[in-house]
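Residue-level listing of the chains:
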Amino acid sequence: MREEQYENGGNRAHDRQAILDLIDGNNLTVHFQPIFSASDGRVYGYEALTRMKQSSPFASISELFQKAKQTETISSLDVHCRENAISQAVAQGVQDRGAFLFINICRETLVDSAHRDGLTDECVERWGFKKERIILEITEESAIEKFTIFKRAVDYHRKKGYKIAIDDFGAGYGGMKMLSII
């Protein structure tokens, strides 16, 4: 059986397996970047940034997420990163400091038919983090094609108590259309 190749070279099956191995081997970690209040200089929140623990076939975290989109493993990676962020935030006492936790969420995950509502809720409940202290930052790295499903997913999370933000507004595909949905 011939393995599918990317247009620019590389092997899709190999990349897919490498991503699943990173997830299964718990080879991703989280670093927390403080976000300071402009008005008083206090820490307002922490952005959870996923990083690879060891060498990997991917040159950067950006490449990892790009390959995950191409190999249809983005939902698995995204959910794993979300759980890592919440569990590590609890372990490091982010909630005890009264700070918000900013977690990036890929818009592809929100519109993926295989993605089940409530996964973030389950993580929050398992780790005892308050939903009201979580800000889900929707990434703008790709265009929204399923607006109705996307809006439904955003509304679902907002009704559950999460705050919604746009990650790096204006730097990607989101722009004003994304702002009107959020």
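All of these numbers come straight from a predicted model, not from anything done at the bench.

Novice: Can you explain the sheet that holds strand β4 (residues 134–138)? Please cite residues and give values.
Specialist: Strand pairing in a sheet relies on backbone hydrogen bonds. The paired strands run either parallel or antiparallel. With mixed pairing, five strands are arranged side by side in an open sheet as β1-β2-β3-β4-β5. At either margin of the open sheet sits one strand with a lone partner, and together these are β1 (28–36) and β5 (163–166). The average angle at which neighbouring strand axes cross in this sheet is 30°, direction not considered. In terms of strand pairing, β1 meets strand β2 (residues 43–52) through nine bridges, oriented antiparallel. Bridging from a neighbouring strand, T29 pairs with R51 of β2. Helix-sheet contacts for helix α3 (residues 74–91) involve β1, β2, β3 (100–105) and β4, and the interaxial angle to β1 is about 65°.

Novice: So, the packing of aromatic side chains: which residues are in play, and what are the values?
Specialist: Summed over all chains, the structure comprises two aromatic pairs. Judged by centre distance (5.0 Å) and plane angle (35°), the rings of Y44 and F100 are tilted. With Y44 in strand β2 and F100 in strand β3, the pair connects residues that are 56 residues apart, well separated along the chain. The exposure class assigned to F100 is buried, which follows from its relative accessible area of 9%. Ring geometry for Y44 against F102: centres 6.3 Å apart, planes inclined by 55°, an arrangement best described as tilted. Taken together, the residues span a long stretch of sequence, with Y44 in strand β2 and F102 in strand β3 at a distance of 58 residues. We classify F102 as buried; its relative accessible area is 9%. Among the aromatic side chains, those forming a connected cluster through ring pairs are Y44, F100 and F102. Over the ring of F100 we find R133; its NZ or CZ atom is 3.8 Å from the centre of that ring.

Rules used in this analysis
Residues numbered from 1 in each chain as written. Predicted model: local features only at pLDDT ≥ 70, side-chain atom pairs only at ≥ 80, totals over all residues. Heavy atoms only, no water. Pairing = 2+ DSSP bridges. Helix = DSSP H or I, 4+ residues; strand = E, 2+ residues; numbered from the N terminus. Axes fitted to C-alpha atoms, helices over the stretch in contact; angles between N-to-C directions. Contact = heavy atoms within 4.5 Å. Phe/Tyr/Trp six-rings, centres within 6.5 Å; stacked < 30°, edge-to-face > 60°. Buried < 20%, exposed > 50% of the residue type's maximum accessible area, 1.4 Å probe, protein only. Lys NZ or Arg CZ within 6 Å of the ring centre and 35° of its normal.

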